[in-house]
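# Tertiary structure, described
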Amino acid sequence: MRRLFIMRKDLHMSTGKLLAQTCHCAEAYWTRQFRRENVSVCANGEYAATVFIPKDVYEQYVCDSFTKTVCEAKSKTHLLKAKATADEMGLTENIDYGLIYDKCLTELEPEEQDGTTLTGIWFRPLPDEQAHMISKKYQLYK
């Protein structure tokens with residue numbers, strides 16, 4: 001299994017910005033699970049949450065290799081083709097994959113009406129064959 005991230009090359013993000021946006025992609029899959037599950041406050045003030053991880057993800061990703069691939073999209077349109085492919089494969093947005101938008105507080109200019117810019121797309125750990133079906137039209141980020 002592998003995590004696939006596709007990041008926009010046309011934004012010319014600095015190395016630090018690119019890394020931060022890729023980290024947002026990496027965290028989004030895991031943190032969205034905490035946000036949607038019942039979270040309770042313990043007596044000591046800490047939070048407790050139960051998260052259900054599919055058996056194959058736990059055994060073949062969490063307990064195995066943490067394989068990740070970062071590819072580049074030439075443009076916003078090119079990036080959104082990965083979303084379309086995921087949809088055609090039956091993957092569900094915000095569960096199996098998600099889009100990452102930057103709030104444009106530092107180096108990027110807003111492209112969306114809400115003042116954000118689409119920077120990347122993340123995928124949950126996928127079997128290699130599925131990840132390759134999505135990434136085959138993208139090259140590794142350089």
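All of the points below concern the structure found in this document. Since this is a predicted model, take the numbers as computed values, not measurements. (Residues numbered from 1 in each chain as written. Predicted model: local features only at pLDDT ≥ 70, side-chain atom pairs only at ≥ 80, totals over all residues. Heavy atoms only, no water.)

### Comments concerning the pattern of salt bridges
- Using the criterion set out here, one finds ten salt bridges in the structure.
- A salt bridge links D128 to R2; the shortest N-O distance between them is 3.0 Å. Within this pair, whereas D128 is found in helix α4 (residues 128-135), its partner R2 is found in the segment before β1 (3-8), the two being separated by 126 residues in sequence.
- Given a relative accessible area of 28%, D128 falls into the partly exposed group.
- On the accessibility criterion, R2 (16% relative accessible area) is buried. (Salt bridge = Lys/Arg side-chain N within 4 Å of Asp/Glu carboxyl O. Helix = DSSP H or I, 4+ residues; strand = E, 2+ residues; numbered from the N terminus. Buried < 20%, exposed > 50% of the residue type's maximum accessible area, 1.4 Å probe, protein only.)

### Observations concerning the nonpolar core
- By size, the foremost hydrophobic cluster in this structure holds 17 residues, and its most contacted members are I6, A82, L91, I121, F123 and I134.
- Those elements giving two or more residues to this core turn out to be β1, β4 (68-73), α3 (76-88), β5 (97-102), β6 (117-123) and α4.
- Once residues lying within four places of it in the same chain are set aside, the contact partners of I134 are L4, I6, A82, T85, M89, L91, F123 and L126.
- In this structure, L18, A28, L108 and W122 belong to the second largest nonpolar core, which totals 15 residues. (Core = buried A, V, L, I, M, F, W, Y, C linked by side-chain atoms within 4.5 Å. Contact = heavy atoms within 4.5 Å.)

### Describing the pairing of β4
- When β1 meets β4, the two strands line up parallel, connected through six bridges. Paired with R8 across the strands is A73, a residue of β4.
- Two elements, β4 and strand β7 (residues 139-140), share two bridges in a ladder whose sense is antiparallel. Pairing of E72 across the sheet is with Q139, part of β7. (Pairing = 2+ DSSP bridges.)

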